[in-house]
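Coordinates in review
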Amino acid sequence: MRITISARHFDLTESIKTYAEDALAPLKKFFDRIIDVKLILSVEKLHLNAAEIILGGFPSGRLSAKSLNHTDMYLAIDEAVVKIKAQVKKHKNKLKDHHHKES
């Protein structure tokens, strides 16, 4: 799983980068077919932080989650990770249910 982190409108610190990588690492245990993870961190108007996660490697395309309106970048990352984990679990359950469906 390749993790790419980019920052918009602010300088990415090593502590934020390490925190984000550690937060995204458990996604591999939920679904092992994830090829790449893109995390886009940005500071929006009025100094609000945003985190967007885009996962590639799914047969149906990409999954994405975005967290807005946080005064702390760490909280924005956490919320986006929670959202994307829910989407990955839902996608995995759909695959499992589809393959074990009896006619």
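Each value, and the rule that gives it
- Residues numbered from 1 in each chain as written.
- Predicted model: local features only at pLDDT ≥ 70, side-chain atom pairs only at ≥ 80, totals over all residues.
- Heavy atoms only, no water.
- pLDDT = per-residue confidence, 0-100.
- Helix = DSSP H or I, 4+ residues; strand = E, 2+ residues; numbered from the N terminus.
- Polar contact = N/O pair within 3.5 Å; in protein donor to acceptor, adjacent residues only side chain to side chain.
- Contact = heavy atoms within 4.5 Å.
- Buried < 20%, exposed > 50% of the residue type's maximum accessible area, 1.4 Å probe, protein only.
- Salt bridge = Lys/Arg side-chain N within 4 Å of Asp/Glu carboxyl O.
- Core = buried A, V, L, I, M, F, W, Y, C linked by side-chain atoms within 4.5 Å.

Moving on, we come to the confidence of the model for the protein. For the protein, per-residue confidence averages 87 on the pLDDT scale, and residues scoring 70 or more make up 93% of the total. Here helix 2 (residues 27–30) stands out as the element of the protein with the lowest mean pLDDT, 82, in contrast to helix 1 (residues 14–24), whose mean of 96 is the highest.

Attention now goes to the side chain of N49. Assignment of secondary structure puts N49 in strand 3 (residues 49–58). At 3.1 Å, the side chain of N49 forms a polar contact with the backbone oxygen of T71. If we skip the residues at most four places from it in the chain, N49 touches S42, V43, S67, L68, N69, H70, T71, D72, M73 and A76.

Our focus in this paragraph is unusual backbone geometry. Phi at H9 takes a positive value of approximately 70°, unusual for a residue other than glycine. Looking at where H9 falls in the secondary structure, it is placed in the loop between strand 1 (2–8) and helix 1. Under the relative-accessibility criterion, H9 is labelled exposed at 69%. Phi is positive for H47, which is not a glycine, with a value near 60°. Looking at the element boundaries, H47 is found in the loop between strand 2 (36–43) and strand 3.

With that out of the way, let us pick up the pattern of salt bridges. For the structure on display, the rule yields 2 salt bridges. Linking D36 and R2 is a salt bridge whose minimum nitrogen-to-oxygen distance equals 3.8 Å. Taken together, the residues D36 in strand 2 and R2 in strand 1 connect sequence positions 34 residues apart. Given a relative accessible area of 15%, D36 falls into the buried group. Given the relative accessible area of 51%, R2 is considered exposed. Here K83 ties to E79 by a salt bridge, and the two come within 3.4 Å at their closest N and O atoms. In this pair, K83 and E79 both sit in helix 3 (residues 73–99), 4 residues apart, roughly one turn of the helix. Taking relative accessible area as the criterion, E79 reaches 28% and is therefore assigned partly exposed.

Time to look at the nonpolar core. The biggest cluster of nonpolar side chains holds 25 residues, and the ones touching the most others in it are L39, L41, I53, L55 and I77. Elements supplying a minimum of two residues to this core: helix 1, helix 2, strand 2, strand 3, strand 4 (61–70) and helix 3. Here this core takes 7 residues from helix 3, the largest share from any one element.

Turning our eyes to something else, we now look at the environment of I77. Inspection of the secondary structure assignment puts I77 in helix 3. For I77 and A51, which are 26 residues apart along the polypeptide, the C-alpha to C-alpha distance reads 5.6 Å. Setting aside its immediate chain neighbours within four residues, I77 contacts I16, Y19, A20, A23, L41 and A51.

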